[in-house]
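Structural characterization, general
In case you want the letters, here they are:
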Number of protein chains: 2
Amino acid sequence: MGRWEPNARERLEQAALELYREHGFEQTTVKEIAKRAGLTERTFFRHFADKREVLFPHASPLQEALVGAVDESPQSAAPMDSISAALQAAGALLMERRELARQRQVVIAANAELRERELIKLATLAAELAQALRRRGVADPAASLAAEVGIAVFKTAFERWTSEDGEQGLSQLVRAAFDELKAVTAGK
Amino acid sequence: MGRWEPNARERLEQAALELYREHGFEQTTVKEIAKRAGLTERTFFRHFADKREVLFPHASPLQEALVGAVDESPQSAAPMDSISAALQAAGALLMERRELARQRQVVIAANAELRERELIKLATLAAELAQALRRRGVADPAASLAAEVGIAVFKTAFERWTSEDGEQGLSQLVRAAFDELKAVTAGK
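Residue numbering note: each chain is counted from 1, following its sequence as written. Here the convention is simple: chains get letters from A, ligands get numbers from 1, in the order in which they are written. With the structure being a predicted model, the display of local features is reserved for residues of pLDDT at least 70 and the display and counting of side-chain atom pairs for 80 or more, all residues being used for whole-chain, interface and lining totals.

**Quick word on unusual backbone geometry**
Looking along the chain, the bond that leaves Asp140 of chain A and enters Pro141 of chain A is cis, with omega of 5 degrees. With respect to the secondary-structure elements, Pro141 of chain A resides in the loop between α7 (112-135) and α8 (142-163). Secondary structure elements are defined from DSSP: runs of H or I of at least 4 residues count as helices, runs of E of at least 2 residues count as strands, and each element is numbered from the N terminus.

Here it is as structure tokens:
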């Protein structure tokens, strides 16, 4: 119990995703997750408040990275370019986690409550990105619009990344989706 | 009870929105809504399945109008232009309902469960618009992207329409938001 548990968080995450897929999110208990990971329930609760937090971490590194990237983008950058660069950087962060992200999407798609939670997370992210743009002096409606549209673009790239077997990384797919946005918006 | 009740649906809707704002959505009962509208509970249930359906009608005329407008837009129209035209048409439909829409937004903003429901409604609408584009031969990712981005644009225009006192109608604000999208996407 007090002993050192290498990669405990990752092992718990992997075990949880496996069980959520095998038996459903509702049916899985923390006890089962800990057992599958070869760890104790106490260790689980050192890393996660409950089984939902495995899917929706409270302090998301992705969210911090995103807002930080907008804050630090060059003052000369156009709003949509700040958002695009931030989302590409976030995509690079997730690069190594494609298989986990894919499993997570399967679990979320199978449960209405989790789908709602995911939509709320994305809406919150859009609101925070809009706020980051306002801190840079971008006025509304441009700030809200660039943030909401940016998240919509990211969502389509993310869905592609977790559903296709292509070679492209999330960062590249985000970039491609912003290029595609320029094309469809220009009426091509 | 069996007598003719002029504008019963509108009266119930207005009474419900008033009560949701005054006492909160959770605290309001169907009995109170019917009483405020000067109608019976039986009449309420002829129009709405429950008190949530006042805010989220099962068969939304807006949704039907939107999907219909995409289906019927000229085959030559670019995907984003089909979506933009459909959302402008939907905006025109809502024109007379600004005060109700405004009250509805206040009620929804005050309740987490209703905010979730609203996000789900918008996500469903985006999925249906993407499907309508696919029926016209638009491939993915362009179809998903144009639909998701279109809904994001509509959301910002709708928020502006219900929060500001300007003279512009929703249809005009949707058009302006799509123009703004072109500007921010082109990097202005």
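**Quick notes on helix α2 (residues 30-37) of chain A**
All names here are of chain A. The exposure label follows from counting other C-beta atoms within 10 Å of a residue's C-beta, where the C-beta atoms are placed from the backbone and the thresholds are 20 or more for buried and 12 or fewer for exposed, leaving partly exposed in between. Taken residue by residue, α2 has Ile33, Ala34 and Ala37 as its buried positions. The arc that holds every buried residue of α2, seen down its axis, measures 95 degrees, which confines them to one face. Backbone geometry just downstream of α2 places Gly38 in the positive-phi region, at approximately 70 degrees. Taking the helix axis as origin, the arc is that swept by the directions to the C-beta atoms.

**Here's the deal with the domain arrangement of chain A**
Residue and element names in this part refer to chain A. Each domain span listed reflects an automatic or database assignment of domains. Taken domain by domain, chain A consists of domain 1 (8-54) and domain 2 (61-185). Put simply, the middle of domain 1 and the middle of domain 2, counted by C-alpha atoms, are 27 Å apart. Residues are defined as contacting one another if the C-beta atoms placed from their backbone atoms lie within 7 Å. Listed per partner, the contact involves six residues of domain 1 and eight residues of domain 2. Here the nonpolar group is Ala, Val, Leu, Ile, Met, Phe, Trp, Tyr, Cys and Pro; Asp, Glu, Lys and Arg are the charged ones; every other residue, Gly included, is treated as polar. Split by residue class, the side of domain 1 that touches domain 2 holds three nonpolar, one polar and two charged.

**A word on the interface of chain A and chain B**
Across the contact, 28 residues belong to chain A and 28 residues belong to chain B. For the side of chain A that touches chain B, the secondary structure elements donating two or more residues are α5 (79-94), α7, α8 and α9 (170-185) of chain A. Per-element accounting of the side of chain A that touches chain B gives the leading share, 11 residues, to α8 of chain A. When grouped by side-chain class, the residues that make up the side of chain A that touches chain B number 16 nonpolar, four polar and eight charged.

**Here we look at the nonpolar core**
Each nonpolar core consists of buried Ala, Val, Leu, Ile, Met, Phe, Trp, Tyr and Cys residues. Their C-beta atoms, within 7 Å, join them into a set. Ranked by internal contacts, the top residues of the largest apolar core, which has 70 residues, are Leu129, Ala146 and Val153 of chain A together with Leu129, Ala146 and Val153 of chain B. Other than its neighbours up to four places away in sequence, Ala146 of chain B contacts Val184 of chain A together with Pro79, Met80, Ile83 and Leu133 of chain B.

**Observations concerning the relation of the copies chain A and chain B**
Alignment of the copies relies on least squares applied to C-alpha atoms, considering only residues that score at least 70 for pLDDT in both. Of the transformation placing chain A onto chain B, the axial shift is 0.0 Å and the rotation is 180 degrees, giving an RMSD of 0.0 Å. The symmetry that links the two subunits is that of a two-fold axis. When each C-alpha of chain A is compared by its distance to the rotation axis, Val149 of chain A comes out closest, at 2.6 Å. In this assembly, 100% of the residues forming the interface of chain A have copies in chain B that are likewise at the interface, indicating an isologous arrangement.

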